[in-house]
Amino acid sequence: MYPDSSSQSAALYERAKRSLPGGNTRTTVYMSPYPLYAASGLGCRVTDLDGVERIDCINNFTSLIHGHAHPALVEAATCQIQLGTTFGMPTPSEVYLAELLSGRVRSMERVRFMNSGTEAVMMALKAARAYTGRPKIAKVEGSYHGSYDYAETSLDAEPSNWGEQAPNSIAYARGTPQGVLSDVVVLPFNDVVKAEELLRAHGPSLAAVLVDPVPNRVGLVPASKEFMSMLRRVTKDTGALLVIDEVITLRLAIGGAQSMYDVVPDLTAAGKIIGGGFPVGAVGGSAEVMGVFDPSRGRPPVPHGGTFSANPVTMMTGLTAMQLFDGAAIERLGRFGDRLRSAINVAFASTGIPGQATGVGSLLKVHFHNRPITDYRSAFPTPQQQRLMARLTIKLLNNGVMTASYGLIALSTAMTDSDIEQIAVAFRQALTEIAAEGLEANAG
Ligand SMILES: Cc1ncc(COP(=O)(O)O)c(C=O)c1O
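Everything quoted here is computed from the prediction, not taken from an experiment. (Residues numbered from 1 in each chain as written. Predicted model: local features only at pLDDT ≥ 70, side-chain atom pairs only at ≥ 80, totals over all residues. Heavy atoms only, no water.)

1. Some points on the packing of helix 4 (residues 92–104) against helix 11 (residues 312–324)
Part 1: At a minimum axis distance of 8 Å, the contact between helix 4 and helix 11 shows a crossing angle of 35 degrees. Of the two possible hands of crossing, helix 4 and helix 11 adopt the one that is left-handed. Of helix 11, the residues touching helix 4 (which contributes Ser93, Glu94, Tyr96, Leu97, Leu100 and Arg104) are Pro312, Met315, Met316, Gly318, Leu319, Met322 and Gln323.
Part 2: Grouping the amino acids of the contact of helix 4 with helix 11 by side-chain chemistry returns eight nonpolar, three polar and two charged. (Axes fitted to C-alpha atoms, helices over the stretch in contact; angles between N-to-C directions. Helix = DSSP H or I, 4+ residues; strand = E, 2+ residues; numbered from the N terminus. Left-handed = near helix turned anticlockwise from the far one by under 90°. Contact = heavy atoms within 4.5 Å. Nonpolar A, V, L, I, M, F, W, Y, C, P; charged D, E, K, R; others polar.)

Shown next, in the form of structure tokens:
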């Protein structure tokens, strides 16, 4: 049972505190009183240091589309490791993965690789600035795009500072320069009228509009068709570039979420699943815009290197993962997602706890309220709802299921019907326990 102060994870955490700040190297995996350390993973299951096995619904924050240690991916990685892991030379593998992405995602005529989604978003925004010669970017309130200063603006805005008339630009990291905040226009998600007004007001200085069509931290509800079409229309009118962040959503359709909207952005940022479990990021776009990276005519407008960019272990494993992730796999995962969403909603209704599961296809998110969710503000949890989420996460752990602490669930192709049923049973059990203890009981 978690927490257990006599566990090996608890002991390792004490040791970790002596070499890592707060014992932690990724804020996203921090857990109090201690994190569970992973020992191994196979298929959709992870075993922790104390030998406890659980179904993994985190999948390294949506990146492990085939779960852990898929035999074909192990083989692809192992074969490449034997040939060398990284070179001060390009390898054929980067061409293969770029061709696969261009073949699937219409907007990605030319592709460039890096090592994380953060870098992909950063390079897309730098490309947009270089191409347009303008300084500002617009992004959606609450939307997560990694750790680039501009892209993380207003990530955790709250009622006390988010602003009335138009969303304020709020620093995420202390010390963010004011200049960064003044160059970011924050948009209300799915509010076509207000967002268009803001975009037009800043039109002449806008380099890019950055949008994730199903933003996890905005409640994991999809952008409306009207919102996406408005962004495309207004960016065309004002001369800004439309940048779609598909770092998470590329798993939703062969052509990415953008294909579900029939909107072709100028630039697309990708990451996570395209690395087959290894660090990765990619930017793709029209040949013309991507020309800002082209060194063949002298110094490019946006020089870009990266010691490990396009390393062949990532490229070959990513290629294999993407080849295995076909339309049938997407459809099967979508069915699993729908089933689990409705099972969670039924569990909320039958226990009388206010709550709902949102999401699209294989991505799900749990909320402890029943409000219709359209944007960051309508999704925003109260402190009590946050405490309930913490209790649910621990109860799920103790019922054999790992989910992200803020209620995100990402399914993998390693899951079967019976795994989905097991996750649903764990939810029913966890919510029944919460109902029995009362909504105000303490976590743990
Ligand atoms: C939509 C989105 N964009 C960008 C990123 C950043 O990717 P990375 O963690 O690989 O830097 C993430 C990470 O979760 C993401 O969800």
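What follows picks up the thread again.
2. Description of the side chain of Asp48
Part 1: Examined against the element boundaries, Asp48 turns out to sit in strand 2 (residues 45–48).
Part 2: Side chain to side chain, Asp48 and Arg54 meet in a polar contact 2.9 Å long.
Part 3: Discounting chain neighbours no more than four positions away, the residues touching Asp48 are Leu36, Tyr37, Ala38, Ala39 and Arg54. (Polar contact = N/O pair within 3.5 Å; in protein donor to acceptor, adjacent residues only side chain to side chain.)

3. Considering the nonpolar core
The nonpolar side chains of soluble globular proteins are, as a tendency, buried together.
Part 1: Leu101, Phe113, Ile274 and Leu392 are the most contacted members of the largest nonpolar core, which has 53 residues in total.
Part 2: Of all the elements in the fold, those that place two or more residues in this core are helix 4, strand 4 (110–114), helix 11, helix 12 (327–351), strand 12 (363–367), helix 14 (383–397) and helix 15 (417–437).
Part 3: Among the elements that make up this core, the one with the highest residue count is helix 12 (nine residues).
Part 4: Each of domain 1 (8–65 + 327–437) and domain 2 (71–324) accounts for three or more of the residues forming this core.
Part 5: When neighbours within four sequence positions are excluded, Ile274 is seen to be in contact with Leu97, Leu101, Phe113, Leu250, Val280, Ala282, Gly318 and Met322.
Part 6: Formed by 30 residues, the second largest nonpolar core is a distinct cluster that contains Ile170, Leu198, Val263 and Ala379. (Core = buried A, V, L, I, M, F, W, Y, C linked by side-chain atoms within 4.5 Å. Buried < 20%, exposed > 50% of the residue type's maximum accessible area, 1.4 Å probe, protein only. Domains from an automatic or database assignment.)

4. Remarks on helix 4
Part 1: In a regular helix each residue adds 1.5 Å, so 13 residues correspond to 18 Å; helix 4 covers 19 Å between its end C-alpha atoms and thus fits that length.
Part 2: Along helix 4, the residues classified as buried are Ser93, Leu97, Ala98, Leu100, Leu101 and Arg104. All buried residues of helix 4 fall inside an arc of 160 degrees around its axis, so they share one side. Opposite the packed face of helix 4, turned more than 90 degrees from it, sit the exposed residues Glu99 and Gly103. (Expected span 1.5 Å × (residues − 1). Arc of directions from axis to C-beta.)

5. Side note on helix 8 (residues 225–238)
Part 1: Over its 14 residues, helix 8 extends 20 Å from the first C-alpha to the last, a length consistent with the 20 Å expected when each residue adds 1.5 Å.
Part 2: Within the span of helix 8, buried status applies to Phe227, Met228, Met230, Leu231, Arg232, Val234, Thr235 and Thr238.
Part 3: Against strand 5 (136–140), strand 6 (184–187), helix 7 (192–202), strand 7 (206–211), strand 8 (241–245) and helix 9 (257–261) lie the buried residues of helix 8.
Part 4: Gly239, located one to two residues past helix 8, shows a positive phi value of around 85 degrees.

6. Examining the domain arrangement of the protein
Part 1: Under the domain assignment used here, the protein contains domain 1 (8–65 + 327–437) and domain 2 (71–324).
Part 2: Summarising the inter-unit geometry, the C-alpha centres of domain 1 and domain 2 are found 26 Å apart.
Part 3: Contacts between the two partners involve 29 residues from domain 1, matched on the other side by 30 residues from domain 2.
Part 4: Buried area between domain 1 and domain 2, both sides added, is near 2500 Å², and the carbon and sulfur share of it is 63%. (Buried area = accessible area lost by both parts, 1.4 Å probe.)

7. A few points about the sheet that holds strand 9 (residues 267–271)
The strands that make up a sheet pair up through hydrogen bonds in the backbone, lying either parallel or antiparallel.
Part 1: With mixed pairing, seven strands are arranged side by side in an open sheet as 4-10-9-8-7-5-6. Looking along the sheet, the strands with just one partner apiece sit at the ends: strand 4 and strand 6. Here the average twist between neighbouring strands, direction ignored, is 20 degrees.
Part 2: Bridging between strand 9 and strand 10 (residues 281–285) involves five bridges; their strand directions are antiparallel. Residue pairing across strands places Thr268 opposite Gly284, the latter belonging to strand 10. (Pairing = 2+ DSSP bridges.)

8. As for the pattern of salt bridges
Pairing between side chains of opposite charge can happen when their charged atoms approach one another.
Part 1: Inspection of every chain in the model, using the stated rule, returns 20 salt bridges.
Part 2: Of the charged contacts in the structure, one is a salt bridge between Arg377 and Glu141, with a shortest N-O distance of 2.9 Å. With Arg377 in helix 13 (residues 376–379) and Glu141 in the loop between strand 5 and helix 6 (178–182), this pair connects stretches of sequence that are 236 residues apart.
Part 3: Arg377 gets classed as partly exposed once you look at its relative accessible area, which sits at 25%.
Part 4: Note that Asp266 and Arg232 form a salt bridge whose closest N and O atoms lie 2.9 Å from each other. (Salt bridge = Lys/Arg side-chain N within 4 Å of Asp/Glu carboxyl O.)

9. Considerations on the environment of Asp338
Part 1: Along the polypeptide, Asp338 turns up in helix 12.
Part 2: Taking the C-alpha atoms as reference points, Asp338 and Asn370, 32 residues apart in sequence, are found 18 Å from one another.

10. Quick look at unusual backbone geometry
Part 1: For the peptide bond that leads from Tyr2 to Pro3, omega is -5 degrees, which places it in the cis range.
Part 2: Along the chain, the position of Pro3 falls in the segment before helix 1 (8–16).
Part 3: In this structure, Pro33 follows Ser32 across a cis peptide bond, with omega equal to 10 degrees.
Part 4: Position of Pro33 among the secondary structure elements: in the loop between helix 1 and strand 1 (38–42).

11. Here's the deal with the site of the ligand
Part 1: The ligand sits among Ser116, Gly117, Thr118, Tyr144, His145, Gly146, Asp212, Asp245, Val247, Ile248 and Lys272.
Part 2: Gly117 places a main-chain nitrogen or oxygen 2.8 Å from an oxygen atom of the ligand.
Part 3: Here an oxygen atom of the ligand sits 2.7 Å away from a polar atom, N or O, in the side chain of Lys272.
Part 4: Here the ligand has 390 Å² of accessible area as a free molecule, and 82% of this is covered by the chains.
Part 5: Residues belonging to the shell around the ligand are distributed by class as follows: three nonpolar, five polar and three charged. (Near = heavy atom within 4 Å. Areas by Shrake-Rupley, 256 points an atom, 1.4 Å probe, with all protein chains shown as cover.)

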